[in-house]
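# Coordinate inspection notes
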Amino acid sequence: MKFTVESNVLVESVNWVSRSLSSRPIMTALLGIVIDVSNEVTLSASDLETAAKSSFNADIKEKGKVLVPGRLLAEIARSLPNKPVAFVLDNNRVLVTAGTAKFTLPTLPINEYPNLPTMPENSGFIASDVFATAINQVAIAAGKDDSLPTLTGIHVDINKETITLAATDRYRLAVREIQWQPNNLDIATSALLRARTLADAAKSLVGITQVSLAVAPITATERLVGFASEAKTMTSRMLDGTFPPYRHLLPSESIAQATIEVSTFLDSVRRVALVTDKTVPLRLRFADSKLQLEAGAGEEAQATEELSIIYNGEAIDIAFNPTFLMDGLHAVGTPFVHIAFTGSNKPAVLSGKNEKDGPTADNYRYLLMPMRYAS
Amino acid sequence: MEINQALPTILHVDMDAFYASVAELDNPQYKGKPLVVGAGARSVVLSANYAARKFGIRAAMPVGRAQRMAPHAIFLAPDHKRYSEISERIMEIFSKYTPLVEPISLDEAFLDVSGSEKLFGTGREIAIAIRKEIETQEGITCSVGIATSKFIAKLASSRCKPNGMLEIAHDRVLSFLHPLPVSEIWGVGPKTNEELLRLGLRSVADIANTPRQTLIRALGEATGSALYELAWGRDYRDVITDEPEKSISAAETFAYDLENEEEILREYLRLCEKATSRMRARNLRAKTISIKVRFADFKTISRSKTFSLAINGTQETFAVVKQLYKALDIGGARLRLVGVGLENLVESEGVAHQPLLGEREIGWAEAEAAVDKASARFGSGSIRPARLVESESTPSSEQETN
């Protein structure tokens with residue numbers, strides 16, 4: 001094996017595949033990145049749940065296939081000078097040279113490396129920035145408790161030209177609808193994917209215009225979803241289990257509505273929440289174009305603050321977990337937030353608004369259950 | 001003698017066959033006859049009077065077996081309400097002599113009377129007065145151990161039962177302690193006992209004469225050094241009154257091992273109900289929920305889960321317990337005991353909880369508050385979860401610990 005490649009091409013490729021490297025794999029071979037040199041160079045890595053591949057053109061002198069320590073390769077690639085990088089297999093070691101820098105990497109036994117799943121057939125295309133934003137907007141509501149695995153996932157529901165992403169930890173629910181171009185206009189399928197995996201993938205979508213989505217049919221032996229853009233691909237196994245039905249939780253009516261500037265609201269929430277720990281409720285009183293924020297009680301530290309807002313409806317007192325509220329305010333991604341209330345002890349719905357008097361964006365909803373005081 | 005003056009005087013008061021004595025008291029016709037508390041062939045012996053103990057009947061033994069050992073013995077059902085009433089009055093008697101009372105259970109307490117000697121006399125005199133007062137007022141007897149540490153006081157009371165009193169002066173501690181078998185030492189269970197016998201250590205003196213390092217190597221740091229200290233009679237634990245409740249637990253030992261998951265979960269639900277209602281009565285909430293499982297071979301495992309928000313509901317707690325149990329993945333294993341623990345307790349006052357999306361406004365919390373009220377009025381068990389209603393509850397000896 002012998003080839004030379006530009007360092008920026010190498011770095012991009014290594015970064016993509018190293019996301020699938022596992023730090024504590026069940027077999028040591030999975031600590032490695034496969035370098036497969038044929039007509040082009042293909043890097044691949046896997047933690048068995050996900051598998052990533054990336055190919056690039058290089059000045060190839062000699063074909064070959066080796067397995068090298070993944071983390072080490074990633075670190076070396078990132079620290080190389082901006083010069084062409086040469087890879088040469090010398091007996092059981094790989095020599096990496098760039099300018100004056102020289103490294104020697106040991107190789108791992110490649111025959112122990114598992115076969116990686118093949119990409120399912122392409123199902124359609126999504127604008128990558130839209131997809132990345134949508135993933136980030138829902139991933140925050142996903143559960144972090146691995147003992148409830150279905151709730152650690154993002155539910156991806158594909159219906160014709162609409163994809164609905166949803167995640168919930170049972171206290172809040174985030175739902176985002178996006179449009180895409182399916183190959184088959186009658187497509188109707190769904191998948192449950194680990195939120196962490198998707199959020200990681202979203203980070204790598206920066207600088208790419210379009211991503212193709214490949215969902216293995218329900219009848220496939222291996223339930224996989226694949227993402228591909230240019231020469232990069234990633235497959236992820238779907239989570240087992242049934243995502244809880246959630247559409248009935250989304251209220252169709254509200255008794256009061258508020259419009260608030262997100263940045264000032266966030267600053268106030270952050271300040272008022274200072275006096276308590278993250279799980280103690282932040283009490284809000286909405287009335288007459290005013291929002292009062294309050295936290296702490298009795299002999300503990302207390303804080304209050306008041307904001308001018310746009311408000312329609314009867315006065316309402318409601319308490320939220322401040323972290324959950326801040327998550328929602330960050331996620332709407334617009335200068336203004338619209339909050340629709342259904343009652344003091346019933347879920348409130350946050351959605352985005354670009355202008356104070358403009359329409360409410362209905363493609364993203366963050367449903368948040370208020371906290372209740374022990375009676 | 002200078003040192004001795006700085007030493008505390010500790011009493012360990014232990015009621016004699018408490019449940020059985022109360023039963024004799026309430027049924028004078030049975031006095032002196034073998035009497036066992038614990039009725040129903042499939043439950044276990046909770047307490048046996050001394051006449052019954054002559055036949056080899058011991059607490060925690062299946063009632064069926066006890067019946068075969070003494071077919072003519074009288075078997076009575078327990079009356080927990082009565083035991084708590086009497087226990088409360090006995091604790092009140094203790095508190096007349098010293099404010100430093102540490103109740104261990106309904107029928108047992110440590111008293112630090114060091115500061116009471118000027119008022120009421122020596123430890124021995126106080127013990128005599130307490131024993132007399134309990135017998136006159138309640139008609140039942142107790143045994144008292146008097147010593148300069150909790151460890152020795154408890155050992156002493158167990159060596160003078162029933163209806164006795166034993167004082168171990170500080171300079172007699174080692175001559176009292178060293179001839180005893182190792183199993184008498186606090187914390188030496190069957191497993192440690194076996195380990196010690198394997199090392200050829202039979203008496204407390206054997207332990208005392210073994211280098212501390214050897215014990216630590218054989219038994220681990222904690223057990224090894226604790227045993228060595230106790231073998232020399234060194235126990236500096238104070239009598240702690242009014243210890244803030246750190247945890248509430250409820251456990252159930254089955255008379256016959258359970259293996260059916262449905263049945264086991266039903267027991268867990270019952271224990272959750274019991275433990276959480278006690279917690280609600282004290283206006284507390286738990287951040288940590290734990291479960292305990294003891295297999296037929298006595299192997300015991302426990303698992304716990306901690307939340308940032310404290311909970312107090314029966315159903316909420318049961319959901320966690322069920323999840324912890326299912327995660328053990330021991331379906332079909334035979335269990336002799338299951339337990340539920342509520343730890344990391346916080347005051348309920350002003351505590352908010354985070355309900356689930358779609359949770360009804362009048363939900364379990366309100367239903368459970370209503371059940372607690374009904375139980376307070378009509379007795380516990382007057383309202384219970386439907387899945388606990390149908391079946392007779394499983395034969396059991398119940399343990400409650402704080």
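Residues numbered from 1 in each chain as written. Chains lettered and ligands numbered in written order. Predicted model: local features only at pLDDT ≥ 70, side-chain atom pairs only at ≥ 80, totals over all residues. Heavy atoms only, no water.

## A look at the overall build of chain B
Counting its secondary structure elements, chain B contains 17 helices and 14 strands. When burial is assessed residue by residue, chain B has 47% of its 402 residues classed as buried. Looking at chain B alone, contacts between residues at least 24 apart form 66% of all its contacts between residues at least 6 apart. Here chain B displays about 20400 Å² of accessible surface, and carbon together with sulfur accounts for 51% of that area. (Helix = DSSP H or I, 4+ residues; strand = E, 2+ residues; numbered from the N terminus. Buried < 20%, exposed > 50% of the residue type's maximum accessible area, 1.4 Å probe, protein only. Contact = heavy atoms within 4.5 Å. Areas by Shrake-Rupley, 256 points an atom, 1.4 Å probe, with all protein chains shown as cover.)

## Digging into the sheet that holds strand S2 (residues 35-37) of chain B
All names here are of chain B. Spatial ordering of the open sheet is given by S3-S2-S4, a layout of 3 strands whose pairing is mixed. Because the sheet does not close on itself, it has two edges, and the strands there are strand S3 (47-48) and strand S4 (74-76). With 2 bridges joining them, S2 and S3 adopt antiparallel strand pairing. Looking across to S3, one finds that Val37 is bridged to Ser47. Packed on one face of the sheet, helix H2 (residues 18-26) meets S2, S3 and S4 and runs near 115° to S2. (Pairing = 2+ DSSP bridges. Axes fitted to C-alpha atoms, helices over the stretch in contact; angles between N-to-C directions.)

## What about the confidence of the model for chain B?
All names here are of chain B. Looking at chain B as a whole, the pLDDT averages 84, with 90% of positions reaching at least 70. Across residues 392-402, where pLDDT falls below 50, the model places 39 contacts with residues more than four positions away in sequence or in other chains. For this predicted complex, the interface score ipTM comes out at 0.78, while the overall pTM is 0.61. (pLDDT = per-residue confidence, 0-100.)

## Considering the interface of chain B and chain A
Contacts between the two partners involve 19 residues from chain B, matched on the other side by 24 residues from chain A. For the pair chain B and chain A, the summed buried surface comes to about 1800 Å²; carbon and sulfur atoms form 58% of the total. The closest approach of N and O atoms between Asp145(A) and Lys305(B), which form a salt bridge, is 2.7 Å. Where chain B meets chain A, there are 3 residue pairs in polar contact (both at pLDDT 80 or more). Elements with a contribution of two residues or more to the side of chain B that touches chain A: strand S11 (300-311) and strand S13 (352-353) of chain B. (Buried area = accessible area lost by both parts, 1.4 Å probe. Salt bridge = Lys/Arg side-chain N within 4 Å of Asp/Glu carboxyl O. Polar contact = N/O pair within 3.5 Å; in protein donor to acceptor, adjacent residues only side chain to side chain.)

## Considering the sheet that holds strand S6 (residues 108-112) of chain B
Residue and element names in this part refer to chain B. Judged by pairing direction, the sheet is mixed, and its 5 strands sit side by side in the order S5-S6-S1-S7-S8 without closing on themselves. Pairing within the sheet leaves two strands with one partner each, and these edge strands are strand S5 (101-105) and strand S8 (165-167). Ignoring strand direction, the axes of neighbouring strands in this sheet form an average angle of 15°.

## A short note on the packing of H2(B) against helix H5 (residues 80-97) of chain B
All names here are of chain B. Contact geometry of H2 with H5 gives a least axis separation of 11 Å together with a crossing angle of 100°. Judged on the interaxial angle alone, H5 and H2 are roughly perpendicular. Here Phe18, Tyr19, Val22, Leu25 and Asp26 of H2 lie close against H5, whose contacting residues are His80, Arg82, Tyr83, Ile86, Ser87 and Ile90. Residues belonging to the contact of H2 with H5 are distributed by class as follows: 7 nonpolar, 2 polar and 2 charged. (Parallel < 35°, antiparallel > 145°, perpendicular 65-115°, else oblique. Nonpolar A, V, L, I, M, F, W, Y, C, P; charged D, E, K, R; others polar.)

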